[in-house]
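So you can see what is in the structure, the chains are spelled out below.
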Amino acid sequence: MTTLQDLATPITPNFCPGCGNFGIWAAFKNAAVKAGWDNHNTVFTAGIGCHGHMVNFVKLTSFEGLHGRAIPVASGMKFANHALNVFVFTGDGDCLGEGGNHFIHACRRNHNITILLHNNSIYGLTTGQTSPATYKGQKTKSTPDGNPDEPFLVSHLAVAAGATFVARGFTGDIAGLTDLMIAANNHQGLSVVEILQPCVTFNKECSPSFYMENTYKLPEDYDPENKALALAKAIEWGPKQIPLGIIYRQNRPVAESEFPQIAENTLISKEASVRDISELFTKQH
Amino acid sequence: MDQSISYSLKIGGQAGQGVKSAGLVFSKIAVRSGYNIFNYVEYPSLIKGGHNVIQTIFSEDVVNSPVQSVNFLIALDLATIKIHQPELVNQAGIVYEEEANYDLGDLSTKTRLFPIPLKKIAKESGAPEIASNYVAMGATVSLLGAEFALLKDLIAEDLAGKDISLIEANQKAAETGFNYAEEKFAFGFEHILQKRDVVSPKMVINGNEAIAFAAISAGLQFASIYPMSPVSNVMHVLAANQRKYGYIFKQAEDEISAINMSIGASFAGARSMTSTSGGGFCLMTEGYGLAGMTETPLVIIEGMRAGPATGMPTWSEQGDLRFILHSHQGEFPRIVLAAGDPKEAFYLTQEAFNLADKYQTPVVVITDKNICDSEQSYEDFDYSNYRIDRGQTTTVIDSEYKRYQITQSGVSPRSFPGFGNHFIGNSDEHTEFGYDTETISDRNAQMEKRLKKLDLCAKEDMAAPEIFGPADADITLVSWGSTKGGVLEALKRHPNVNYVHVKWLSPFPVGPLKEILERAKYLIAVEASSTSQLAGLIREKTGVDILDKLLKNDGRPFFPEEISDRITSVLTSK
């Protein structure tokens, strides 16, 4: 059993007042308590960006790697010990800019990991440049005349790339986000939770009220297993037209299941030992 | 056959004509007849067409490198004869396609020509045209006086898994070629490949295979690699054997992912590696420092090729030395070792896994194309003394566990995720627990901790450079990596010359090397680099300035002839 107290670290979060990361922090801790994630069963990685500071504020074993590279690190961890719940904290710049290649290939391969993608549509930590998810035309420090590029729609990209669980949550709905995180981890396969997150300091367009006004929850009778429908829903974006909830779900063998050598036990359950390779030598004779 | 004499046979043709497999088969005939071999391949970065050639040098003595001269040429196309004609010794033998009616000019006076209807024989034997290589091989076996049964066995081994009728057709083609030469050219060439009285079983193994074998034997658990010439064969061997030996090999989407996946697996407790060439290592440099900063053990194989940029993908160079020693921003303990041949690659790779775990830092093993792709014959490597050292780890659950605890040695016990302890592997500067920090005291303590591991490694593990040849010599050659091969061959001709072979590049054996160099009468640095990077490093570390340098950077290996010429000219001018 995990309590909120168990997850507390001596470090106080340094996010800006009003930052969406507080909502993600709260939802993740709530989910850990609800689902029983602890240091015997869980590990997470983070990239670089405001999201990356999360390693300091949640007392679960973690690895803060390099900008954009949290996904391959997590994939390696899962191969080594697939008994662990493996989470990736990443941002829109981290995951779609620097790490875009890793993101699409991880989706395609279907590692059994969960990607929590903080999407504030801006580079926050570097003080407000355009990101791959910034709206076209938006003025930022690096696009004073307006962003000339079309943004990625994160959930749409994830479904198209082959992720088998794609959901969208909002930092203003901590309870809903908590449930999505748990559902994503329970899913067998690569899960992406796109988290709409206001950056109150550097992205005035994606404000809390903007998301409050324009998001809606997918109806109960929505069928997330219909891929064509999921792609249509994932591309939906506009006034009162931003769907939240589980957009897509599919059953497909996970990357780790392709390796019979870890069908019975995890890779690290057997200690590294000297192997007799005389047979390999003989083949060279 | 004089024990010291070596013979050189070349097989050339277009990519797709089975040049490499014929060469491998030939070299194994030589080894199974009791000789030592060295195989050297040259091929363009192409799949079909272009000119491919494999050279087998065989001798009763150990063979360390290719040579420039050719005693026997198997030409599967005319280009082979044209390109390699200048290398032929007087009265060299040439097996080639009779039906092609090549205009060979005055070659018939300088060489011995053995025209054979290769394609016709292959066809009449019911084998595909590619079996022409085995027809030529059959004839060659006859001409050199080897046993045909060896070839027959090796064809079956080379084609193992294929349809039995195909194997038999290939064997028939080879036998017909053998008989054709027996009848038409009996004793047309010296029987230099007669089976010796005593034959001990030996491997024919290249550097890539040796490295993969070393990793498997050393308890490898995880490898993630992206393909790149000339090291891809490391991944091929790892991929083919993973189910049998129980480790995981995963091809990544790029080198950045390959190294980060390996770091993730290592962090989670798996003995991990990756492998690449210079261009791929460019992409990996980011992860190189990440492993250093997070103190995550990792073995990285860097098989150099001719750069910069795409350079010459299937040719060699020793141009990455400074790059590997300094790549990644900032300062962290880099352990860098370099192999001089497949055997060294085997033992250094095994050792690299222990060093990575012991010092919790990345260890690079450098090879180059001339090691990666070149086979040598060895008795099975004996590693009965090898023990796995996973370094300091802990499974004790401790609420105050400090992953980056300040210790006297600089090494702190590792714990693994899922074992119960909380800790953070952090690329940001960190406290002992792993939390972000920017304080002066934490920064200084952690920098000092990380860097002192290299001092400990120098003290406890670093080996002194190896000296080949007499202790007291007129000339001392200094080099590293595959250059060793050409140098050792040259040394056979110059008993008054010795060779200093540097395997440890970081930490660097300053004391022992300085002593050797200061004792030497005349120094020549031999390097496949235009800027003599090793000589520069030696000057930086020891103060010894090696003034005479034998450098080349044309992608080709150092041939003993070139080194010998330089030695001779220095000796005569003295």
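The shown structure was predicted, so the numbers you read here are calculated from the model rather than taken from an experiment. (Residues numbered from 1 in each chain as written. Chains lettered and ligands numbered in written order. Predicted model: local features only at pLDDT ≥ 70, side-chain atom pairs only at ≥ 80, totals over all residues. Heavy atoms only, no water.)

**Student:** Could you clarify how one ought to interpret the overall build of chain A in this entry?
**Tutor:** Secondary structure summary: chain A contains nine helices and eight strands in total. At 20 Å, chain A has a C-alpha radius of gyration in line with the 19 Å of a compact globule built from 285 residues. Side chains of chain A carry 21 positive and 25 negative charges; the gap between the two charge centres is 2 Å. (Helix = DSSP H or I, 4+ residues; strand = E, 2+ residues; numbered from the N terminus. Rg over C-alpha atoms; globule rule 2.2 N^0.38 Å. Lys, Arg positive; Asp, Glu negative; His and termini not counted. Charge placed at Lys NZ, Arg CZ, Asp CG, Glu CD.)

**Student:** Help me understand the sheet that holds strand β11 (residues 298-304) of chain B, please; the structure alone is not making it clear to me.
**Tutor:** Working definition: the strands of a sheet are paired by backbone hydrogen bonds and lie parallel or antiparallel to each other. Residue and element names in this part refer to chain B. Spatial strand order, β9-β8-β10-β11-β13-β12-β19: seven strands in an open sheet with mixed pairing. The two strands at the open ends of the sheet, each matched to only one other strand, are β9 (248-251) and β19 (504-506). Geometrically, the sheet is characterised by an average inter-axis angle of 20° between neighbouring strands, direction not taken into account. (Pairing = 2+ DSSP bridges. Axes fitted to C-alpha atoms, helices over the stretch in contact; angles between N-to-C directions.)

**Student:** Honestly, the packing of aromatic side chains in this entry has me stumped. Any pointers?
**Tutor:** The relation between two aromatic rings is expressed through the spacing of the ring centres and the mutual angle of the planes. Applying the stated criterion across every chain, the model contains 42 aromatic pairs over all chains. Relative to Tyr435 of chain B, the ring of Phe433 of chain B lies with its centre 6.4 Å away and its plane at 45°, an arrangement referred to as tilted. Its relative accessible area of 26% is what places Phe433 of chain B among the partly exposed residues. A residue is classified by how much of its surface remains accessible, and Tyr435 of chain B, at 6% relative accessible area, is buried. Between Phe468 of chain B and Tyr499 of chain B, the ring centres sit 6.0 Å apart and the planes meet at 25°, which makes this aromatic pair stacked. Taken together, the residues Phe468 of chain B in strand β16 (residues 466-468) and Tyr499 of chain B in strand β18 (residues 497-501) connect sequence positions 31 residues apart. Each member of the pair, Phe468 of chain B as well as Tyr499 of chain B, carries the same accessibility label: buried. Ring pairs connect the aromatic residues Phe281 of chain A together with Phe213, Phe346, Tyr347, Tyr378, Phe381 and Tyr383 of chain B, which therefore count as one cluster. Across from the ring centre of Tyr35 of chain B, 5.9 Å away, lies the NZ or CZ of Arg196 of chain B, which sits over that ring. Of note, Arg556 of chain B hangs over the ring of Trp315 of chain B, and the distance from its end group to the ring centre comes to 3.7 Å. (Phe/Tyr/Trp six-rings, centres within 6.5 Å; stacked < 30°, edge-to-face > 60°. Buried < 20%, exposed > 50% of the residue type's maximum accessible area, 1.4 Å probe, protein only. Lys NZ or Arg CZ within 6 Å of the ring centre and 35° of its normal.)

**Student:** What should I look at first to understand the environment of Pro557 of chain B in this one?
**Tutor:** As for its position among the elements, Pro557 of chain B is in the loop between β21 (548-551) and α19 (560-573). Separated by 490 residues in the primary sequence, Pro557 of chain B and Val67 of chain B have C-alpha atoms spaced 9.3 Å apart.

**Student:** How do you make sense of the interface of chain A and chain B when you look at a structure like this?
**Tutor:** Accessible area lost upon the coming together of the parts is a frequently used measure of interface size. With 55 residues of chain A at the interface, the matching set in chain B holds 71 residues. Approximately 5,200 Å² of surface area, both sides summed, lies buried where chain A meets chain B, with 61% of it carried by carbon and sulfur atoms. Its largest share of buried area at the contact with chain B, chain A owes to Arg275, Gln284 and His285 of chain A, together 15% of the area lost on that side. Put simply, chain A and chain B have three salt bridges between them. Its salt-bridge partner being Lys244 of chain B, residue Glu279 of chain A comes within 3.3 Å of it at the nearest N-O pair. Counting across the chain A and chain B interface gives 30 residue pairs in polar contact (both at pLDDT 80 or more). Counting residues per element, the ones that place at least two in the side of chain A that touches chain B are β2 (62-64), α2 (70-80), α4 (100-109) and α9 (278-283) of chain A. (Contact = heavy atoms within 4.5 Å. Buried area = accessible area lost by both parts, 1.4 Å probe. Salt bridge = Lys/Arg side-chain N within 4 Å of Asp/Glu carboxyl O. Polar contact = N/O pair within 3.5 Å; in protein donor to acceptor, adjacent residues only side chain to side chain.)

**Student:** Help me understand the domain arrangement of chain B in this model?
**Tutor:** Its domain assignment divides chain B into domain 1 (6-201), domain 2 (204-378), domain 3 (392-461) and domain 4 (466-573). The distance between the C-alpha centroids of domain 1 of chain B and domain 3 of chain B comes to 58 Å. (Domains from an automatic or database assignment.)

**Student:** Just checking my understanding: could you explain unusual backbone geometry for this structure?
**Tutor:** With an omega of 0°, the peptide bond running from Ser229 of chain B to Pro230 of chain B counts as cis. Inspection of the secondary structure puts Pro230 of chain B in the loop between β8 (222-225) and α9 (232-245). Geometrically, the link from Ser506 of chain B to Pro507 of chain B is a cis peptide bond, its omega value of -5° lying close to zero. One can find Pro507 of chain B in the loop between β19 and α17 (510-519). Positive phi outside glycine occurs at Lys240 of chain A, with the angle close to 60°. Within the element layout of this structure, Lys240 of chain A appears in the loop between α8 (227-235) and β8 (242-249). Positive phi, normally seen in glycine, also occurs at Phe187 of chain B, with a value near 55°. Checked against the element boundaries, Phe187 of chain B lands in the loop between α7 (164-184) and β7 (203-206).

**Student:** Got a minute to help me understand the environment of Tyr123 of chain A in this structure?
**Tutor:** Residue and element names in this part refer to chain A. Positionally, Tyr123 belongs in the loop between β4 (114-119) and α5 (154-161). Considered as a pair, Tyr123 and Thr134 are 11 residues apart in the sequence and their alpha carbons are 9.1 Å apart. In contact with Tyr123, other than residues within four places in its own chain, are His67, Gly93, Gly97, Gly128, Gln129, Thr130, Ser131 and Pro132.

**Student:** Help me out: how do you make sense of the sheet that holds strand β17 (residues 475-479) of chain B in this one?
**Tutor:** Residues and elements named next belong to chain B. With mixed pairing, five strands are arranged side by side in an open sheet as β16-β18-β17-β20-β21. Taken across any chain shown, the strands that pair with only one partner, and hence form the sheet edges, are β16 and β21. Neighbour-to-neighbour, the strand axes of the sheet open up by a mean angle of 25°, direction not taken into account. Bridging between strand β20 (residues 523-527) and β21 involves four bridges; their strand directions are parallel. Bridge assignment links Val526 to a residue of β21, and that residue is Leu550. Where helix α18 (residues 533-542) meets the sheet, it contacts β17, β20 and β21, and its direction lies at approximately 130° from that of β20. Running at roughly 160° to β21, α19 makes contact with β17, β18, β20 and β21 of the sheet.

**Student:** Whenever I open this one, helix α10 (residues 255-267) of chain B confuses me. Can you help?
**Tutor:** Residue and element names in this part refer to chain B. Between its terminal C-alpha atoms α10 stretches 18 Å, which fits the 18 Å expected from 13 residues at 1.5 Å a residue. Counting buried residues along α10, 13 of its 13 residues qualify, which places the element largely inside the surrounding structure. A distance of 3.2 Å separates the backbone nitrogen of Ile256 from a side-chain oxygen at the start of α10, and that oxygen is part of Asp254. Phi turns positive, to about 115°, at Gly269, one or two residues after α10. (Expected span 1.5 Å × (residues − 1).)

**Student:** Hey, could you run me through the nonpolar core in this one?
**Tutor:** Most often, soluble globular proteins have nonpolar side chains that are buried together. Counting 88 residues, the largest nonpolar core has Phe103 of chain A together with Ile366, Trp480, Leu505, Leu534 and Ile538 of chain B as the members making the most contacts within it. Of the residues forming this core, the biggest block, seven residues, is contributed by α2 of chain A. Built from parts of two domains, this core gets at least three residues from each of domain 2 (204-378) and domain 4 (466-573) of chain B. Ignoring any residue separated from it by four or fewer positions in sequence, one finds Phe103 of chain A in contact with Ile71, Cys95, Leu96, Ile115, Leu117, Leu157, Ala158 and Val192 of chain A. Counting residues in each nonpolar core, the second largest holds 53 residues, with Ile11, Val25, Ala127 and Phe148 of chain B among its members. (Core = buried A, V, L, I, M, F, W, Y, C linked by side-chain atoms within 4.5 Å.)

**Student:** Sorry, what's going on with the state of the cysteines here?
**Tutor:** Covalent bonding between the sulfur atoms of two cysteines is what defines a disulfide. Residue and element names in this part refer to chain A. Going through the model one piece at a time under the given rule, you end up with zero disulfides over all chains. The thiol sulfur of Cys19 is not disulfide-bonded, and the nearest other cysteine sulfur, from Cys16, lies at 6.1 Å. By relative accessible area, which is 13% here, Cys19 ends up buried. (Disulfide = S-S within 2.5 Å.)

**Student:** Any chance you could explain helix α13 (residues 342-359) of chain B here in plain terms?
**Tutor:** Spacing of three or four residues puts side chains on the same side of an α-helix, whose turn is 3.6 residues. Residue and element names in this part refer to chain B. Between its first and last C-alpha, α13 extends 25 Å over 18 residues, near the 26 Å set by a 1.5 Å rise per residue. Across the 18 residues of α13, 14 count as buried, placing the element largely inside the fold. Between the side-chain oxygen at the start of α13 and the backbone nitrogen of Lys343 there is a gap of 3.2 Å, and the oxygen is on Asp341. Phi turns positive, to about 50°, at Gln360, one or two residues after α13.

**Student:** Looking at this model, I keep getting lost on the environment of Met137 of chain B. Mind explaining?
**Tutor:** Residues and elements named next belong to chain B. Here Met137 shows up in helix α5 (residues 132-144). Spatially, the C-alpha atoms of Met137 and Gly177 are 7.5 Å apart, while their sequence positions differ by 40 residues. Residues within four places of Met137 in sequence aside, it is in contact with Ile11, Ala22, Phe26, Ile29, Ile74 and Leu151.

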